[in-house]
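# Structural overview for review
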Amino acid sequence: MLESYVTPILMSYVNRYIKNLKPSDLQLSLWGGDVVLSKLELKLDVLEEELKLPFTFLSGQIHELRIHVPWTKLGSEPVVITINTMECILKLKDDAHNEHESCGSSSTTRSTTESIKSAAKTRRIQQVTSIDPDLPPGYVKSLIRRVVNNVNIVVNNLILKYVEDDIVLSVNITSAECYTVDEFWDRAFMDILAPELVLRKVINFADCTVCLDKRNASGKIEFYQDPLLYKCSFCTRLHFTYDNLNSKIPSIIKIHALVESLKLSITDQQLPMLIRIIQLGIALYYGEICSYKDVEVEETNANVKEASIPQVCGESDAGIQGQHGADVQEFLQQQDDDQGWVSWALSLVPALVSYSDEGDENFEVDENGIKINRLRSLPAKDPVVSVGFYCTKATVTFKLTEMQTESSYYSPQKVKSKEVLCWEQEGTTVEALMMGEPFFDCQMGFVGCKAFCLKGIMGVKDFEETASRSETEACFFICGESLNSKGLTYLTNSLFDYRSPENNGVRAEFILDAAQHKETYTEIAGVQRFGAFYMDYLYTMECSAGKGSVSQPQDVSMNKKEDLSNVHEMSTKHLVIGSMELRLDSSSVHRILKMVACGLNHEYEPYSKPISETEDENRTLPRQEEVAALEEYIPTRLTCITVLKCTFTITLAEFNLLDNLLPIILGQKHSVPYLNAPPFHPLRPLPALRVHVDKVSLEHSVPMFAGQLIPTVSHLNQPSDNLLHSCYVHSYVKIFGFQAGLTSLDTEGSFCSPAPVIPSFSTAFYGKFLQLPSYWLKRPFVTTSECIFELPSLTIQATRAQTLMLQAILQSWTHNQGGSVSLPVDEALMKDIFRPSGVRSQNPLPTLEGSIQNVELKYCSTSLVKCVSGTMGSIKACAKAPGGSDGKKEKLIPLIQGPSDTRDLHKSKWLNETRKPESLLAPDLLAFTIQIPLQMNSYHNSGAVFLASVQGIAISVDPVFYTWLLHQPQKGNVKHRPQQSAAGVQLVLPTTRRKEDEISIGSTPLAMQQSNQASEYASSPVKTKTATESRPLSVPIKLMQSSEEWSSPEERMKEFIGLVWDAVKCLTVQLEAQSCCVFFPNESLPSPSTIVAGDIPGTVRNWYHTEESMPGTLVVCLPQIKVISAGHKCMEPLQEIPFVISKPVLEEGDAFPWTVSLSQFSAYTLLGQLKTCNLVEPLGCTSTLAVTTHKMQACGSETRHSFVVCLHVDLECLEVKCSNPQVQLLYELAHSMNKAWEKIQKKGILRQSFMHPESSLGPMPGSPVRSSVGTAPPDASTCSPSADIGTTTEGDSVQMVDESLFSDSSTLEQKTSNIGGTTGCISLWMQWMLPKATVKLFARESGSDGTEICVVGELEDLSASVDIQEVYTKLKCKVGSFNIDHYKNSLGEGTWSLGHFGGVVLSCTDKLNRRTLLIRPLSKQDPFSHFSGFFPPMAAKLLEGSHQQHGFLSLTYTRAVTRNVRHKLTSRSERASRSLHRLAEGIADSSPQYLYEILLSAQPFDVVLSFPLLHKVASIFQAKLPKKPKGKRKSTGQPMRAHALTSRDLPLIYINTSVIRVFFPKGVHEQHGGGSAQAKEDTLVVKIGSVSMAPQADNPLGRTVLRKDIYQQDLNWAASTKLPRPCHRSLQGTSLLVTLKND
């Protein structure tokens, strides 16, 4: 009679998921012991409902279903259900994306858990046969439980497919078997017995294969990819613990799976599809894709439940009788209530997730009047579910595919894959622990992992089988430990661990409290268990009212905002990465980037749309209760990432093909096709940069429900700081123990000990970013983003050889070598860096060390402004000169020190005063604040502000710096690799000089060559014969570019100036910079051990007092600078940002004028033996800078600004002193600097080795200064000035010569004065006022009396102005008076007395008239009045005008653009006729682009020429030349061309002076030789009435052209033969006339 009880239970499983069954046939077959059903179709709607996921089934069928029931042995043998070939195809619902907004998302709950059902549905259960009354009451219930607990399910050939877009994911399991086991996990027939109350099961999966292919638009798969997983077998153990025998669900469920070997294969085409699948899983977990709608669920459940139970016994009306019928009914009812997709997959466990209480019954009547009971579902205790996945060894292989065609023409194409990358992982663990909805924890980790390079990449066969590379070289990533050394820690407390409580008969205990969980599972515990990687994700949800779990969390999170006060949710993720080593060489980088490029090669739409930031205008203000609830608790998500002891090694690139990968990664879908690279051979030794970090800590916090929190807080009038803090995303990054050094990889695959470059330092960064900023637009003062950076200390130290190596490593990655293989590095360079331990060098290299301390930067932005503020505590730089092999100690030579007290360093008296050491409480070296407005039209605009303060800095330009900079490794033997391809491009280190002579003129544009080559071409006799002939072949093609290319640099400069103006036009400036003192010692000044290391003034002072042989030192004290804009009051440079100033600048130009003050500029020399000599006495100035602008119409509709910059400078009195020791010191310093600069230029130290030739070979074509034809555009502006001013051409007539503008000529200064500043975009006007300038020269007499003489030159009332326009530049200088006197001071005398001849050398006063006695009176003569007899009227008028100017001396220098001058001098009719000729001639013409003019006018002055005095003064500037080294044989090269000086190279000079008297006195000893008192003639006086010079001369003999035809022929002959331009210019009659008049 057992069939009556077991049959309904079995039929409930079958009929629930299979449709179109005949119950009568199924019942008869089942009672026979075996049933076989073929070609069954699954109920797809039931499966979709069971899954509770947004998937829809396209098809589902079972080819064969077998059920075996051992009726005679039901108590000892299991029921076996066998499914042969089950296939299901499913896809994502079409409206899944749209349902996201309607259903809401709760990222805090798993999609596998469902809410408690609202009400129970009416179900119909048909009558079963009568029960034998002799059976005991509990026997049927116990038998049913034993049968169900021991059901064996066997699935053969299970096929599951998922399709989406072009993705086809298929899972094929050859065999899967589930059966019950005993405590030793062996197959057995078990029952739940006290006291253990445990049920164990095992599921064995055999030959699991996962495929991922791409289908076309028609749904067909053209090319099958390699399987992701091929024939993988694994075992799953299930452990169920019950509270008592009557429990309907287990209290503890543990499901653990173990895979011994997992081998995954991913191709480049599968990678984007796999990423898409992973994104789908993440979207499902966080609820970004809605699984179902509430209304649809209710309707679907009602329909499914009505048809769920079949009729078993036909049309019998007998009711269910007895307790046994109630047991069967209760079991079937539990099956109806079970709706979870987990329970569907594990249907052998009844009611896994749902639960019911047997004590509470309700009765209902069905259609036939049968009275049935219904169990009402009530909340009960959630079971503890533990799910785990364990893998002993996992391997992931990345492959690249390519199409391969068979030999036959009609054969289809096949996909051939090649392995390029392999990832091996040991001891992997994934564990999840959950208890309903209030608690969920997921832990993941693995013991160790490695990454290997396989075969070749992008045509480079670096790891092919024939390369014979070792495994150490192939492995580029290692993390954690090996499984052999770590043990089986990854299986701790799993069902596969023999030490676990379940395997020892002990009930397992779980930590379900958040606080206790954090104390137990710390980062240290995770690293100790796994070693390589550990992740702990914890989610908890607590009810503040103490009611346990909360129902319907999705509604709580999104739709029911009012319930947030009752729920406290928290989500934390902790990730720990153990010690790892990553080697970034060419092989690994190209493989990684290739896989990244393949992963980005897709165009899939995202599963979820970003949260809409549109603000709801009708939104009501939050209630006070809601605000109080938010104040109490705001849920957040916290992510913590910790990286322990990571090492990165960046090697020199052995090959570089990044140009083919970076465009794809950066979003450019096209890349340059690469060709097959030459044969690859590894570089050994291979230099590398090794970076080691002790610890990296990252914390990221984000509000959990930003979509509800921010709209609520943004509507509050005054939200609290706590609420505002919760509306931001917060990020903290801390780096500890960052250090870097240089190392090299030897032939054995090991690295040598690194040479330190960056010692260990730590830094920190903090940033917060406002979520949904569109809600805060009405609150402009709310910070949208804020970043803080802190750097306590950073030190960089390196020798010159190390910097060369770093430069070589950088350039090998940044400069593409065309895929070629690099050559080895110079062996000498490697020896200089990696010197064997214990071996001392004969010439040790100095080390340069620089450090900065206490750097703090803060960035803040609002909707109105962007602000940056920061401080830098100090900066220091020094050079460490090793002692060498002679046993000397290492010398510390300071180079830069800041801050330094430089307030008293402008005078040398600080050397004799006590100097306080630098205090630790000294102010920061730099403090600044910058604020830039974003909305200029806003009424909240506070204007742009720049505040800065710089303390004093001391700099020592020590010769050891030249030694460090000029070091070059000695030439050594380079070990070339065998069979090096000739096509490889050599890796040129910065030590290699690129030969300029190798640049061919025919292939390189002439504009890019050196200036001497351009001048050679300019002086070449090969030129065009006529204006109509074609351009010669010798003219570079570069010269015929369009005018846009020529003007592009100027346009860019104008755009840059426009951007600068936009930045400063409304800028409030406050800049205070203390003096910067620069020391130039002639020899090294190491810091003594008695003072603070790095104190440059202290070092100089110590040498000054203690060392007798102190080297000569030049001290230049740069001025203090103070800049303040108009109307600004001084404030602290460091402000709390954002801030508001009292008077913001709101209109353009209101900040001007700027007041610029400079003070305490001086220069003096230290010559040893406690001797100081001043060069420049302390000097200061006050200047005013004003800028005005107006808009001018440009080409098209664009408008540009025209700038007028005015600068006025008032200088203090200038006093310069000089003596021969100072000149000698300056000469030695200049000679050493010049020598160093020549070596730098010769060896190309500062030139980048991979730089293109165009970047370092002279000015660009569009440069405004063009020195030769090679850089001049083909425009008429290149015509010579002689042609501009009246030169006749082939088409001009002789009358044009007569009507030349010479008849009404004017000077260049007058022409440019009429131009004005409207033609250019930028105008600059500067004016200097200097009240007095004094120059004192000291020299000693040649005798032994020790008399010292001093020559003093004084200039008074010096004024100068500069006017710079786009078409001309003008300099005007005026001197009020100029006198030169000399004094003498005998030994022992303290005062200076006038020298011989009244102490006069040059005087512009009548001082000599009072001291000179005329022995013979001179005849009177008319004064100098006019120049009409010698100069043309225009020149005479000009000279007379300049002669009448006030002051002693007047100088005017003018430079104008030739084209513009010709434009002003020629008529409009001539411009059109000459344009074509100028265009053709201007290409080959070498005429200058500018015209120069000098106007000089001087008042009467006297000069006393005492040659002994001049000799003494000249001796001051005599310096001993250093010994020249022996001349080396010069290499043959191109001969240098001598530059011929012609009148064309001279400017237009106008000179006019008044009376000049030159006195030639007799020698002093000759004057005192005679004893006669009678006055004698002892002085020769030369008087020059005037000196006048003009570039044009009016010939007093008029010349008339009698034969115009002959004259025209001469002109044509001169043009056809291309005579040199000086001859052509001489036809204009340019001459020089000097007029001397004497009274």
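That block above? That's the structure.
These notes cover the structure that comes with them. (Residues numbered from 1 in each chain as written. Predicted model: local features only at pLDDT ≥ 70, side-chain atom pairs only at ≥ 80, totals over all residues. Heavy atoms only, no water.)

## Topic: the environment of Glu654
With respect to the helices and strands, the residue Glu654 is situated in the loop between β20 (636–651) and α17 (662–665). Between the C-alpha atoms of Glu654 and Ser587, which are 67 residues apart in sequence, the distance is 8.3 Å. (Helix = DSSP H or I, 4+ residues; strand = E, 2+ residues; numbered from the N terminus.)

## As for the pairing of strand β5 (residues 167–181)
When strand β4 (residues 152–164) meets β5, the two strands line up antiparallel, connected through 11 bridges. Note on β5: the bridge partner recorded for Ile159 is Asn172. Hairpin connection between β4 and β5: a loop of 2 residues separates the two successive antiparallel strands, and Asp165 in this loop has a positive phi of roughly 50°. Strand direction decides the pairing type here: β5 and strand β6 (residues 198–214), joined by 14 bridges, are antiparallel. Paired with Ile173 across the two strands is Cys208, which belongs to β6. (Pairing = 2+ DSSP bridges.)

## Digging into the pattern of salt bridges
Between side chains of opposite charge, a pair can form when the charged atoms approach closely. Scanning all chains against the criterion turns up 31 salt bridges. Note that Arg591 is salt-bridged to Asp462, the shortest N-O span being 2.9 Å. Of the two residues, Arg591 is situated in helix α15 (residues 586–599) and Asp462 in strand β15 (residues 460–463); the sequence distance between them amounts to 129 residues. Judged by its relative accessible area of 0%, Arg591 falls in the buried class. Here the salt bridges do not stand alone but share partners, grouping Arg469, Glu473, Glu654 and Arg684 into one network. (Salt bridge = Lys/Arg side-chain N within 4 Å of Asp/Glu carboxyl O. Buried < 20%, exposed > 50% of the residue type's maximum accessible area, 1.4 Å probe, protein only.)

## Here's the deal with unusual backbone geometry
Looking along the chain, the bond that leaves Gly898 and enters Pro899 is cis, with omega of 5°. With respect to the helices, strands and loops of the structure, Pro899 is situated in the loop between β27 (891–898) and β28 (926–933). Following Ile1137, the chain continues to Pro1138 via a peptide bond in cis, the omega torsion being -10°. Turning to its location among the elements, Pro1138 is positioned in the loop between β34 (1120–1124) and β35 (1154–1168). In this structure, Trp185 is a non-glycine residue whose phi angle is positive, near 65°. Inspection of the secondary structure assignment puts Trp185 in the loop between β5 and β6. By relative accessible area, Trp185 is classed as buried at 11%. Within the chain, Lys231 stands out as a residue other than glycine whose phi angle is a positive 50°.

## What about the state of the cysteines?
One pass over the structure, following the stated rule, counts 0 disulfides. Unpaired in this structure, Cys208 has its nearest cysteine sulfur neighbour in Cys232, at a distance of 6.4 Å. (Disulfide = S-S within 2.5 Å.)

## With respect to the packing of aromatic side chains
Within the structure shown, the criterion is met by 17 aromatic pairs. Plain terms: the ring middles of Phe530 and Tyr534 are 5.9 Å apart, the flat faces sit at 20° to each other, and that makes the pair stacked. Ring geometry for Phe1378 versus Phe1448: centroids 6.3 Å apart, planes at 50°, classification tilted. Of this pair, Phe1378 sits in strand β41 (residues 1368–1385) while Phe1448 sits in the loop between α31 (1433–1443) and β44 (1449–1457), and the two are 70 residues apart along the sequence. Taking the relative accessible area as the measure of exposure, Phe1378 reaches 22% and is therefore partly exposed. (Phe/Tyr/Trp six-rings, centres within 6.5 Å; stacked < 30°, edge-to-face > 60°.)

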